[in-house]
Amino acid sequence: MQQHAVVIGGGIGGLTAAVALHRQGRRVTVLERAASLAPVGAGIGLAPNAQRALDVIGLGDPVRALAAWQGDGGMRTPSGRWLCRTDAAAAAERFGGPLVLLHRATLVDLLRAALPDGTVRTGVTASVADPGDGRRPARVVTADGETFEAGLVVAADGIHSAVRRGLFPDHPGPAYSGFTTWRVVVPAPDRPFAPHETWGAGSLWGTQPLKDGRIYAYAMAAAPAGAHAADDERAELLRRFGDWHDPIPAILAAAAPEDVLRHDVHHLITSLPAFHRGRVALLGDAAHAMEPTLGQGGNQAIEDAIVLAHHVAAGPPVDRALAAYTADRLPRTTAIVRKAARTGRLTLLSARPAVAVRNTLIAAVSRCGPGLVLRGFDGIADWSPPAATYAADRRDLRERQEPRTTRH
Ligand SMILES: Cc1cc2nc3c(=O)[nH]c(=O)nc-3n(C[C@H](O)[C@H](O)[C@H](O)COP(=O)(O)OP(=O)(O)OC[C@H]3O[C@@H](n4cnc5c(N)ncnc54)[C@H](O)[C@@H]3O)c2cc1C
């Protein structure tokens, strides 16, 4: 029981934590509410910071092998004018690796394959009945009445985390960010294109290649919360983006209405006082949901998982390990949540004069050095995980745990 770790939520953060804890020799159970692990049918960008975190559990190289962006890319206006350009090699050189766009299902498959059969239990909604403390284990209960006692609980239950609400009842929770998003994966258009993010007035479109030859396209627009197209979301995209530059019209033509995903964006602009209580550690969106404007929510969930495993590998007392986890992760993720919100405000400026000034500044600043696209990731994409080796961690863990079979 001492070694048993229960992970609530089988998203990117929960699965990464499960793999990292499993590799330390712990017994791990992942409880996932959904009937299967199938993630939303969209792409996800993993920057070198997340790739280096994945190196710790042996999955960095399989992700790097999926890098598809080669050559040119950058930011454009809806008419197609380039505001700034960069290329894949410059990005890789600046941050020590490529930016990899992959399908979410590919990432989930990689993580799941690194876990023993039976680790993930789907169709199980779980909650924390008792966070435990230094002397007693935490207790997790499922909607079916099953109870788990655990030395460590990882709450990776996403932006609307019930665990967060239970442990931090005074926290205001997520707020609507003022914009909605669309995502779609389609076959590549006939003509070659350079990956781009195109900033309009109050809206944005991005087109990125996947290694399997398909295209991951995403869009954002300022909109009231909860709004939906009266007809379908592809028709809505056509109204908003149908006259933007190539290859956007071709991508819209290739998209089936039912494949277009639409989600409003919420984020935790008020940070939590801590990412842990008792033996429960929050991670990923449950701890610090952010706007997707830097493409870092999943990257930070992966970083969290690896840093959490690093600290618990140092052994009991668990409260010290989790306090060290909070101390490492809270300041960094708070800064990134805020930066993502600032980027969102800049991206979705809608007044024409402000948009003109923004575009002029982006073009001017980019002429004087590496593009804003790259500079915006300084201090984020260049992160590296804590240096301890897992082989040493496992040895230390075994040595420390042998005489302590009665404590949790
Ligand atoms: C439009 C858009 C684009 C994005 N693009 C990127 C990108 O390019 N790069 C990037 O890094 N990030 C991106 N993100 C953010 C990223 O998707 C999230 O930050 C990431 O998925 C969070 O992972 P998570 O594991 O913390 O939570 P989630 O992926 O939300 O997983 C939580 C899991 O917990 C389960 N669950 C919830 N409650 C319970 C319960 N009580 N019991 C059991 N299970 C439960 C849920 O079913 C779910 O499977 C984007 C987000 C959006 C909206």
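Position numbers for residues start from 1 in each chain and track the written sequence from start to end. Per-residue local features are limited, in this predicted model, to residues with pLDDT of at least 70; the limit for side-chain atom pairs, both in listing and counting, is 80 or more; totals at the level of whole chains, interfaces and linings are taken over all residues.

Novice: What is the right way to read the site of the ligand from this model?
Specialist: Whether a residue is near a molecule or strand depends on its C-beta atom, generated from backbone atoms, being within 6 Å of that molecule or strand. Inspection of the region around the ligand gives 35 residues, with G9, G11, G284, G297 and G298 positioned closest. Numbering of helices and strands runs from the N terminus; a helix is a DSSP stretch of H or I covering at least four residues, while a strand is a stretch of E covering at least two. Counting only elements with at least two residues in the shell around the ligand, the list comes to helix 1 (12-23), strand 2 (28-32), strand 3 (43-46), strand 8 (126-130), strand 12 (175-187), strand 16 (261-267), helix 9 (285-288) and helix 10 (297-313). Ranked by the residues each element gives to the shell around the ligand, the list is headed by helix 10, at 4 residues.

Novice: Could you clarify how one ought to interpret the sheet that holds strand 11 (residues 152-155) in this entry?
Specialist: Judged by pairing direction, the sheet is mixed, and its 6 strands sit side by side in the order 7-2-1-11-18-17 without closing on themselves. Edge strands, defined here as strands with exactly one partner in the open sheet, are strand 7 (120-122) and strand 17 (276-277). Strand pairing is assigned whenever DSSP detects at least two bridges linking the two strands. In terms of strand pairing, strand 11 meets strand 18 (residues 280-282) through 3 bridges, oriented parallel. By the bridge assignment for strand 18, V154 is matched with A281. In this description, any two residues whose backbone-derived C-beta atoms lie within 7 Å of each other are considered to be in contact. All axes here are fitted lines through C-alpha atoms, helices being fitted over the stretch that makes contact, and every angle between N-to-C directions spans 0 to 180 degrees. In the packing of helix 1 onto the sheet, contacts are made with strand 1 (5-8), strand 2 and strand 11, and the angle to strand 2 comes to roughly 170°.

Novice: Sorry, what's going on with the sheet that holds strand 9 (residues 138-142) here?
Specialist: Sheets are built from strands that pair by backbone hydrogen bonding, the pairs being arranged parallel or antiparallel. A sheet is described by the order of its strands in space; here 3 strands give the open sequence 8-9-10, paired in antiparallel fashion. Only two strands of the sheet have a single partner each, and these edge strands are strand 8 and strand 10 (147-150). If you compare each strand with its neighbour and ignore which way they point, the axes differ by 30° on average. Pairing analysis gives 4 bridges linking strand 9 to strand 10, with the strands arranged antiparallel. The residue of strand 10 that forms the bridge with V140 is F148.

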